[in-house]
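Letter by letter, the chains look like this.
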Amino acid sequence: MDISNYTAEDFVLDPSFKKWVMQPNATSNIFWERLLAKNPSKYKEAKKARALILSLNTKNQPKLSEAEISEMWRNIDFKMSAAYMGNGCIKEDKVIPIHSYSTLERGASNSSTRYNPFAKFSFRVACILALAIGLGYLSGWLVSVPVIPELHSPVMEYVEHKTIPGVKSHLTLSDGSLVILNSGSELRYIKNFEKGRREVQLKGEAFFRVARDSLRPFIVNSRETTTIALGTSFNVKAYEGETLDVSLLTGKVAINKEELMEEPITLLPGEALKIDMEKDRLEKTGFDQDLVMGWTKKRIIFQETSLVEAIRVLENWYGVQISVKNKPLNPVLLSGKFQDETLENVLEGLKFSARFDFTIEKEDVKIIFKE
């Protein structure tokens, strides 16, 4: 892994770095200590990134009372006696620093040849914290609370948009970007975005026409996958239980999936990336623009679409609940194209080729396959 050209933003976007900051363990600590030791000039950028990551998570930090903190440290001090040798020194081979703060602070001091009078104290703190984790006194606390709390962290105000089944939403973001949010989808982001980037969280499906801003990348996070763009138009489909699809119409995007890709995959116009989230498989393909973008033009297009996906589309499109009776053992694939049709007309158009009947009672729809 090469971090020689990393900026603070790159560290923030790196999933393994974020996990190390928020959920440290011995393995990740050793990995990042070695990586930063090879790139000592990157300690400053890494520290900036750490501060930003923690500031975004301070709202979820649990608070401990003074009595709980005092009791915790009394227990830690008592157990510390086992870690000392006869001459009063701590056994270094038994101690593994397990948080990003100590690594970055020690790394920064190691890059200088000046004597640091606090080095032994910092090392003792790292030992205490390591022992505390091993004894279970900080179990569940260090995962979500930084070892060294960040003071005066800015309060982030989030904006959320949700579309109920049967409704689609057109949004214009503060930077001028256009978003069309499909039915049954959610979009969440920091109000007015951050100074150095534009980032949104997506559940479901959305089309993005991103306003060009070379200084601030536009980032879409969806199901552990990150799509990064500058001035671009693309569609992201990220419904639970289905493949995650990113289809690029104009511009250029880079896509990264945590623990699946060694480096981001770049798409050019007309290309799509399909990720099987359950099997951790991916495929870069072309795509039918009419098929992918039909939903933005009130078109329902099924092209050998699985029954499960077709039901999800119809439920979101018309705001109904669909149940299936006598479902065949073999896969059912549906094909058809419908422009601004009623649900009854859509089902009429599909029933002959798929060999089913149906009933519609208000919001309850039943599909009965013929035996």
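Right, let's walk through the structure included here.

Conventions we followed
Residues numbered from 1 in each chain as written. Predicted model: local features only at pLDDT ≥ 70, side-chain atom pairs only at ≥ 80, totals over all residues. Heavy atoms only, no water. Helix = DSSP H or I, 4+ residues; strand = E, 2+ residues; numbered from the N terminus. Contact = heavy atoms within 4.5 Å. Areas by Shrake-Rupley, 256 points an atom, 1.4 Å probe, with all protein chains shown as cover. Phe/Tyr/Trp six-rings, centres within 6.5 Å; stacked < 30°, edge-to-face > 60°. Lys NZ or Arg CZ within 6 Å of the ring centre and 35° of its normal. Salt bridge = Lys/Arg side-chain N within 4 Å of Asp/Glu carboxyl O. Buried < 20%, exposed > 50% of the residue type's maximum accessible area, 1.4 Å probe, protein only. Expected span 1.5 Å × (residues − 1). Pairing = 2+ DSSP bridges. Axes fitted to C-alpha atoms, helices over the stretch in contact; angles between N-to-C directions.

### Structural notes on the overall build of the chain
And step 1. Helix and strand counts for the chain stand at ten helices and 18 strands.
And step 2. Here the contacts in the chain between residues at least 6 apart in sequence split such that 52% fall between residues at least 24 apart.
And step 3. By element, 51% of the accessible surface of the chain is carried by carbon and sulfur atoms, the whole surface being about 21,300 Å².

### Observations regarding unusual backbone geometry
And step 1. Despite not being glycine, Arg223 has its phi angle at roughly 50°, a positive value.
And step 2. Structurally, Arg223 is set in the loop between strand 6 (218–222) and strand 7 (225–229).
And step 3. Positive phi is not limited to glycine here, since Asp340 has a value of about 55°.
And step 4. In this structure, Asp340 sits in the loop between strand 16 (333–339) and helix 10 (343–354).

### Examining the packing of aromatic side chains
The geometry of two aromatic rings is summed up by the distance between their centres and the angle between their planes.
And step 1. Inspection of every chain in the model, using the stated rule, returns twelve aromatic pairs.
And step 2. A connected cluster of aromatic rings, assembled from ring pairs, spans Tyr6, Phe11, Phe17, Trp20, Phe31 and Trp32.
And step 3. Above the plane of the ring of Trp317 lies Lys168, whose end atom (NZ or CZ) is 3.5 Å from the centre.
And step 4. The ring centre of Tyr158 lies 3.9 Å from the NZ or CZ of Arg188, which sits over that ring.

### Digging into the pattern of salt bridges
And step 1. Applying the stated criterion to the full structure yields 18 salt bridges.
And step 2. Taking the shortest distance from any N to any O, the salt bridge between Arg223 and Glu240 comes out at 3.8 Å. Taken together, the positions of Arg223 in the loop between strand 6 and strand 7 and Glu240 in the loop between strand 8 (233–238) and strand 9 (244–250) put the pair 17 residues apart, joining distant regions of the chain.
And step 3. Judged by its relative accessible area of 18%, Arg223 falls in the buried class.
And step 4. Among the salt bridges present, the one from Asp245 reaches Lys274, with a minimum N-O distance of 3.3 Å. Within this pair, whereas Asp245 is found in strand 9, its partner Lys274 is found in strand 12 (residues 271–276), the two being separated by 29 residues in sequence.
And step 5. Take Asp245: its relative accessible area is 9%, and that puts it in the buried class.
And step 6. Sharing partners across several salt bridges, the network here consists of Lys237, Glu242, Asp245, Lys274, Glu309 and Arg312.

### Some points on the environment of Met156
And step 1. Locating Met156 in the fold gives a position in the loop between helix 7 (119–135) and strand 1 (158–162).
And step 2. The class for Met156 is buried, based on a relative accessible area of 15%.
And step 3. Between the alpha carbons of Met156 and Lys191 there is a distance of 7.8 Å; along the sequence they are 35 residues apart.

### Some thoughts on helix 10
And step 1. Relative to the 16 Å expected for twelve residues at 1.5 Å per residue, helix 10 spans 16 Å between its end C-alpha atoms, a close match to the ideal helical length.
And step 2. Buried residues belonging to helix 10 abut strand 14 (299–306), helix 9 (307–318), strand 16, strand 17 (356–361) and strand 18 (364–369).
And step 3. Looking one or two residues beyond helix 10, the residue adopting positive phi is Arg355, at roughly 60°.

### Notes on the pairing of strand 3 (residues 178–181)
And step 1. Both strand 2 (residues 169–172) and strand 3 contribute to a ladder of four bridges, which runs antiparallel. By the bridge assignment for strand 3, Thr172 is matched with Leu178.
And step 2. Between the end of strand 2 and the start of strand 3, which pair antiparallel, lie five residues, with Gly176 showing a positive phi angle near 95°.

### Let's talk about the side chain of Thr227
And step 1. Assignment of secondary structure puts Thr227 in strand 7.
And step 2. Every residue in contact with Thr227, bar those within four places of it in the chain, is listed here: Phe218, Ile219, Val220, Phe234, Val246, Val253, Ala254 and Ile255.

### Regarding the sheet that holds strand 15 (residues 321–325)
And step 1. Within the open sheet, the three strands sit side by side as 15-18-17. Their pairing is mixed. Two strands bound the open sheet, and with one partner strand each, they are strand 15 and strand 17. Across this sheet, the average inter-strand angle for adjacent strands is 20°, counted without regard to direction.
And step 2. Here strand 17 pairs with strand 18 via six bridges, running antiparallel. Note that in strand 18 the partner of Phe356 across the bridge is Phe369.
And step 3. Sitting on the sheet, helix 9 is in contact with strand 15 and strand 18, with an inclination near 150° to strand 15.
And step 4. Running at roughly 160° to strand 17, helix 10 makes contact with strand 17 and strand 18 of the sheet.

### A few points about the side chain of Lys351
And step 1. By the element assignment, Lys351 lies in helix 10.
And step 2. Looking at Lys351, the relative accessible area reads 17%, which means it is buried.
And step 3. For Lys351, the contacting residues outside a window of four places in its chain are Phe356 and Phe358.

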